[in-house]
Amino acid sequence: MHHGTTITQFISEEQRRVTGATGEFTGLLNDIVTACKMISHQVNHGALVGALGTAGSENVQGETQKKLDVLSNELFIQSTEWAGHLAAMASEEMDDIYQIPEEYLRGKYLLTFDPLDGSSNIDVNVSVGTIFSILRCPGGKDKPTIRDFLQAGTQQVAAGYALYGPSTMMVLTTGSGVNGFTLDQNIGEFILTHPDLKIPAETQEFAINASNQRFWDAPVKRYVEECLAGSEGPRGKDFNMRWIASMVAEVHRILVRGGVFMYPMDEKIRAKGQGGKLRLLYEANPMSFVIEQAGGGSITGPDRIMELQPEGLHQRVPVILGSRTEVERLQAYYREQG
Ligand code: AHG
Ligand code: MN
Ligand code: MN
């Protein structure tokens, strides 16, 4: 029986078409795949392996870390640090950049990741995920610094996510479309099941945490009000709403059936002195790359996320992404406001 294309096969074949490819990138992606399989195993076994609950620590952003946040971060490091593909890495769960230990070779790539996204969902057994982005290290591999990581999203070499849902999936872009793979638990391989994903341009579904409504920016208030007015309102059609509180699950739904996801700027976030809720290097940029490669749009409100010049490792930004026509409408509302 032919099982279909494995992710390893797919990446190798894609890289063979890239002139000058050394196999380093293919090797790095394989290590990321291994890390995600290990995290998937932990997530699936949950309470059986003592993986639920809090770790009793906080990350640099003052968020309580779950056991699985810490464990996933460790699994990601262990799977990717040894092979000589990376110059350094950075994660939502580490204060500073992670230098590759002396005993290992260094490579030309940088890796940024959110080891476990949607971690408020862990204890209640709802979908979570892992998000990653690969950059080249501009300053050479000997002494990578934070500055090397502060590259616009347009510079990403690859990005993607693993979704630990009813089935485990890996969705990936290397800049020529988006492909989705499903983990076959029996053989331990991701198999190509969703080739060339494209987001439907038109949609009738939006995702936002409505408990923040009174704090939202005016253009977002207007957009949501118009959706809620349904067939009697200016949009002339009824909308549906979803909020999973796991960006990976949200983005995946949008890739498959369209929609718009918003974690906009709001008064509450401003009062904390933050630029947004989601993190530019670990969440916003990789997801924007995936969404744009699938034909969608991704903005802060007025601006394209992937063109932002990052100013800090843990910088946060507002995020509005999904079906192109809806994102363009929101951008127009922001621009009208001036
Ligand atoms: P993380 O678990 O990595 O901190 O990210 C959670 C993010 C994102 O996945 C989700 O869209 C959002 O935070 C949920 O925020 P609310 O709990 O405010 O709805
Ligand atoms: Mn996250
Ligand atoms: Mn996280």
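Further up the page is the structure itself.
All values reported here derive from a predicted model rather than from experimental measurement. (Residues numbered from 1 in each chain as written. Chains lettered and ligands numbered in written order. Predicted model: local features only at pLDDT ≥ 70, side-chain atom pairs only at ≥ 80, totals over all residues. Heavy atoms only, no water.)

Colleague: Looking at this structure, how should I read the packing of helix α5 (residues 218-228) against helix α9 (residues 324-337)?
Modeller: The geometry of a pair of packed helices is captured by two quantities: the angle between their axes and the separation between those axes. Put simply, α5 and α9 touch, their axes get as near as 9 Å, and they point 135° apart. Considering the angle they form, α5 stands oblique to α9. Between α5 and α9 lies a crossing of right-handed hand. Here Ala-218, Pro-219, Val-220, Arg-222, Tyr-223 and Glu-226 of α5 come into contact with α9, specifically with Glu-326, Arg-329, Leu-330, Tyr-333, Tyr-334, Glu-336 and Gln-337. Residues of the contact of α5 with α9, tallied by class, amount to seven nonpolar, one polar and five charged. (Axes fitted to C-alpha atoms, helices over the stretch in contact; angles between N-to-C directions. Helix = DSSP H or I, 4+ residues; strand = E, 2+ residues; numbered from the N terminus. Parallel < 35°, antiparallel > 145°, perpendicular 65-115°, else oblique. Left-handed = near helix turned anticlockwise from the far one by under 90°. Contact = heavy atoms within 4.5 Å. Nonpolar A, V, L, I, M, F, W, Y, C, P; charged D, E, K, R; others polar.)

Colleague: Got a minute to help me understand the sheet that holds strand β10 (residues 189-194) in this structure?
Modeller: Strand pairing in a sheet relies on backbone hydrogen bonds, with the paired strands running either antiparallel or parallel. Strand order in this open sheet of eight strands is β4-β3-β5-β6-β7-β8-β9-β10, and the pairing throughout is mixed. In this open sheet, the two strands that pair with only one neighbour each are β4 (98-99) and β10. One ladder, built from seven bridges, connects strand β6 (residues 128-136) with strand β7 (residues 158-164); its direction is antiparallel. Bridge pairing links Gly-129 to Leu-163 in β7. (Pairing = 2+ DSSP bridges.)

Colleague: Explain the coordination of the manganese ion (ligand 2) to me, please; I cannot follow it from the model alone.
Modeller: Where a metal carries four tetrahedral donors, each ideal angle is 109.5 degrees; where it carries six octahedral donors, the ideal angles are 90 or 180 degrees. Distances from the manganese ion (ligand 2) to its protein donors, namely Asp-114 (OD), Asp-117 (OD) and Glu-283 (OE), fall within the range 1.8 to 2.2 Å. All donors of the manganese ion (ligand 2) belong to a single chain; written as a sequence motif, their spacing is D-x2-D-x165-E. A separation of 3.6 Å is found between the manganese ion (ligand 2) and the manganese ion (ligand 3), both of which receive a donor from Asp-114. Remark: Glu-283 occurs in helix α8 (residues 280-293) and Asp-117 occurs in strand β5 (residues 109-117); sequence separation between them is 166 residues. (Donors = N, O, S within 2.8 Å, 3.2 Å for Na, K, Ca; no water.)

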